[in-house]
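Read off the chains here:
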Amino acid sequence: MGFATDAIHAGQQPDPTTGAIITPIYQTSTYVQAEIGKHKGYEYARTQNPTRAALEANIAALERGVCGIAFASGLAAINATLTLLKSGNHVVASSNLYGGTFRLFVRILATFGLEFSFVDTSNINLVEAAIQSSTRMIFIETPTNPTMTISDLAAISRIAQAHRLRFVVDNTFMSPYFQRPIELGADIVIHSTTKFLNGHSDSIGGMVVVKDPEEGERLAFIQNAAGAILSPFDAWLILRGTKTLAVRMRQHDANGRAIARFLGGQRQVQKIYYPGLADHPQHELAQRQMSGFGSMIAFELGSLEKANTLLKHVRLCSLAESLGGVETLISHPATMTHASVPREDRIRLGITDGLVRISVGIEDVEDIITDLEQALSRL
Ligand SMILES: *Cc1c(COP(=O)(O)O)cnc(C)c1O
């Protein structure tokens, strides 16, 4: 089946008891058993829940994996994935990971004996050079937040295979509609479903998708044993979100391209980070491994004062963290999402005080442009 068909139907059958077309929210903690050891496959709701199972099958199908494992947040999904490793294992990770992922790695997991090297994974040579005898995993994000740097999924997966390492990709920014890392050789795909997959800014959740059934069993064991599960209501919301993923992503992409073009013509904008622009340093790679460019754009205004002026004057665009919802969100990475990154590291990554990030929503794009135009005119 095609992607949009899978998005609407995969993992879901009419409810067996009533025929309800939509998988119900099974808001229960336990299941009644007929006799000792005789039950319907459901014993306790941390371990199994039908609403959650439907969502897990749905997103696994969209990512072309064999199994999905849902968690209470993107970070819970990442944490669970890293607990596949053991103390003393080393991870090669992208130098510009989502701030919360970096914080989890260095402030929590490193204290349990996991070791990390953070490198610019858009440079294959740096990835290869960072591998040690204790390396067990490569963990990347592509594109990165907020400067939209692209790493070559197929090339990194060849390195991972050669060294027998798990290759993990946080695919939150692109969603499986535009990028499917498993098809390019990744072993594990992670999502913050909070973003594009749910898409309506009303739920926090995470998902891990794997291509190896045994790895899926290990992660399901961790899901149950450590217990950071996704609630049935959130699973239902995200299932509702994925039904419109294809149409939403098409519109996000169209609006993203239009806003990037608009920003390119504004004298107040010194630089634009968007892989869909021909002058993006990895535009060709982006075209090769992604089927669209999405709606995440960062742009440089030159100073904190100018960024502040713009953010104070936008009216339709909302100043807020997060991304991937139907409404346009605008933010200031240096003081918001990346405030915990030391200043020199931030500047090195291009996250200057004048940088603004926009998650272009699916409103009428003329209205977004009019809003940005009036706010830019104050600079
Ligand atoms: C938001 C985000 C996360 C964390 O997800 P939560 O659902 O907020 O825990 C991880 N990775 C990326 C790329 C994100 O954007």
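Residues numbered from 1 in each chain as written. Predicted model: local features only at pLDDT ≥ 70, side-chain atom pairs only at ≥ 80, totals over all residues. Heavy atoms only, no water.

As assigned here, the protein chain comprises domain 1 (3-242) and domain 2 (245-376). In this complex, domain 1 contributes 37 residues to the contact, which on the side of domain 2 involves 37 residues. Approximately 3100 Å² of surface area, both sides summed, lies buried where domain 1 meets domain 2, with 63% of it carried by carbon and sulfur atoms. Looking at the side of domain 1 facing domain 2, the largest losses of area belong to Ile-150, Phe-178 and Phe-196, adding up to 24% of the total buried there. Our enumeration of links across domain 1 and domain 2 arrives at 1 salt bridge. Across the salt bridge formed by Arg-288 and Asp-152, the nearest N and O atoms sit 3.9 Å from each other. (Domains from an automatic or database assignment. Contact = heavy atoms within 4.5 Å. Buried area = accessible area lost by both parts, 1.4 Å probe. Salt bridge = Lys/Arg side-chain N within 4 Å of Asp/Glu carboxyl O.)

Taken together, 14 residues sit near the ligand, with Gly-74, Asp-170, Ser-192, Thr-194 and Lys-195 positioned nearest. Within the side chain of Lys-195, a nitrogen or oxygen atom sits 2.7 Å from an oxygen atom of the ligand. Here the ligand, which alone exposes 380 Å², has 93% of that area covered by the protein. Assessed atom by atom at 2 Å from the grid points, the ligand resides in the largest pocket. A total of 3 residues in the shell around the ligand trace back to one element, the largest contributor, which is helix H3 (residues 74-82). Tallied by class, the residues present in the shell around the ligand amount to 5 nonpolar, 6 polar and 3 charged. (Near = heavy atom within 4 Å. Polar contact = N/O pair within 3.5 Å; in protein donor to acceptor, adjacent residues only side chain to side chain. Areas by Shrake-Rupley, 256 points an atom, 1.4 Å probe, with all protein chains shown as cover. 1 Å grid on protein atoms, 1.4 Å probe; cavity = no way out; pocket = protein on both sides within 12 Å on 5 of 7 lines; lining within 4 Å. Sits in = over half its atoms within 2 Å of the grid points. Helix = DSSP H or I, 4+ residues; strand = E, 2+ residues; numbered from the N terminus. Nonpolar A, V, L, I, M, F, W, Y, C, P; charged D, E, K, R; others polar.)

Let's shift gears to the side chain of Ser-359. Tracing the backbone shows Ser-359 in strand E12 (residues 355-359). The exposure class of Ser-359 is buried, given its relative accessible area of 1%. A distance of 3.0 Å separates the side chain of Ser-359 from the backbone nitrogen of Gly-324, its partner in a polar contact. (Buried < 20%, exposed > 50% of the residue type's maximum accessible area, 1.4 Å probe, protein only.)

In terms of nonpolar packing, the biggest core is built from 64 residues, with Leu-263, Ile-297, Phe-299, Ile-330 and Leu-372 touching the most fellow members. For this core, the leading source of residues is helix H10 (residues 245-264), giving 8 residues. In terms of domain composition, this core takes at least three residues from each of domain 1 (3-242) and domain 2 (245-376). Once residues lying within four places of it in the same chain are set aside, the contact partners of Phe-299 are Leu-263, Val-269, Lys-271, Ile-272, Leu-310, Gly-354, Leu-355, Val-356 and Ile-358. The next biggest cluster of nonpolar side chains, apart from the first, holds 26 residues, and it includes Leu-109, Val-208, Val-210 and Ile-222. (Core = buried A, V, L, I, M, F, W, Y, C linked by side-chain atoms within 4.5 Å.)

Here we come to the layout of surface pockets. The volume enclosed by the largest pocket comes to roughly 540 Å³. Counting only elements with at least two residues in the lining of the largest pocket, the list comes to H3, helix H4 (99-108) and strand E6 (188-192). Ranked by the residues each element gives to the lining of the largest pocket, the list is headed by H4, at 4 residues. Grouping the amino acids of the lining of the largest pocket by side-chain chemistry returns 10 nonpolar, 15 polar and 6 charged. Here the lining of the largest pocket gathers at least three residues from each of two domains, domain 1 (3-242) and domain 2 (245-376). For the second largest pocket, the calculated volume is near 440 Å³. Forming the walls of the second largest pocket are 17 residues, and the residues nearest its centre are Asp-15, Pro-16, Tyr-26, Tyr-42 and Pro-50. (Points joined across faces, edges and corners; volume = space filled by probe spheres on them.)

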